[in-house]
Amino acid sequence: MAQPLFCHEALEIVEAPATTPITLAEVKEQLRIEHSDDDALITRLIAVAVAYTDVTGALGHAMITQTWAQWFGPNPTQEVRLILGPVQSVTAVKYYDADNSLQTDTLSNYQVVGTEFAKSIAPKSGFNWPTTFDRPDAIRVEYEIGYGDTTADVPQTLRHALMMLVGHWYDNRENTAMDELSNIPYGFDMLIDMHRRCWYG
């Protein structure tokens, strides 16, 4: 069974996704459930499956569009890597000034380069990182990540993996023995492995 990813860099969610990669109606169709008695349970299982998988979970990156902040120490190297993805855009660069007050820098002073899963940010020629207070979270870069705003933007393999996981938990509502966990989670692992880009430990 996949284990959540752990990143050394400081991360903080700024704006959560507006929706989930799979819907209640889709999961009920997948599980062939025609009644509404378990709607609250299934909705909760969807939320748990997404939390287990998304961003710092087993997948290691975002599915639905969301905004995260990544903190850096003072005086970074010229270029710093954004560890989450797929990156859509950088929305803000903030920093603690010499008086330890949070300020917002001019975003147009920076350039973002690389692919959606390997982006870095650095000051443009003629600009520098701001002078900051000496603290480990001196600079904060906020950026949007995810495949897109809707369920249709998320790869079908990932959506199917989530529905498999919800179905497994729906059928096994108590702790189960390890041999009973081997089949469906194994399929879940294989599907998300198709989209994993890196592992932080």
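Note: the structure precedes this text.
Everything quoted here is computed from the prediction, not taken from an experiment. (Residues numbered from 1 in each chain as written. Predicted model: local features only at pLDDT ≥ 70, side-chain atom pairs only at ≥ 80, totals over all residues. Heavy atoms only, no water.)

## Thoughts on helix 3 (residues 156-171)
Over its 16 residues, helix 3 runs 22 Å from end to end, which matches the ideal 22 Å to within 8%, given 1.5 Å per residue. Of the positions making up helix 3, those classed as buried are Leu-158, Arg-159, Ala-161, Leu-162, Met-163, Leu-165, Val-166, Gly-167, His-168 and Tyr-170. (Helix = DSSP H or I, 4+ residues; strand = E, 2+ residues; numbered from the N terminus. Expected span 1.5 Å × (residues − 1). Buried < 20%, exposed > 50% of the residue type's maximum accessible area, 1.4 Å probe, protein only.)

## Re the packing of aromatic side chains
Tallied over the full model, the rule gives 4 aromatic pairs. Seen in terms of ring centroids, Tyr-52 and Phe-188 are 6.2 Å apart; in terms of plane orientation they differ by 45°. Their pairing is tilted. In this pair, Tyr-52 sits in helix 2 (residues 39-53) while Phe-188 sits in helix 5 (residues 183-193), placing the two residues 136 residues apart along the sequence. With relative accessibility at 19%, the residue Tyr-52 sits in the buried group. By relative accessible area, which is 0% here, Phe-188 ends up buried. Relative to Tyr-96, the ring of Trp-71 has its centre 6.1 Å away and its plane inclined at 20°; by these criteria the two rings are stacked. On the criterion of sequence distance, the pair formed by Trp-71 in strand 2 (residues 66-72) and Tyr-96 in strand 4 (residues 87-96) is long-range, its members being 25 residues apart. In this structure, Trp-71 and Tyr-96 share a single accessibility class: buried. Taken together through their ring pairs, the aromatic side chains of Tyr-52, Trp-169 and Phe-188 make up a single cluster. Note that Arg-135 overlies the ring of Tyr-96, its terminal NZ or CZ placed 3.6 Å from the centroid. (Phe/Tyr/Trp six-rings, centres within 6.5 Å; stacked < 30°, edge-to-face > 60°. Lys NZ or Arg CZ within 6 Å of the ring centre and 35° of its normal.)

## Quick look at the pairing of strand 8 (residues 139-145)
With 6 of 7 residues buried, strand 8 lies mostly within the body of the structure. In terms of strand pairing, strand 2 meets strand 8 through 7 bridges, oriented antiparallel. Within strand 8, the residue paired with Phe-72 across the bridge is Ile-139. As paired strands, strand 4 and strand 8 are joined by 7 bridges and run antiparallel to one another. Within strand 8, the position partnered with Lys-94 by the bridge is Arg-140. (Pairing = 2+ DSSP bridges.)

Coordinates in, geometry out; function isn't part of it.
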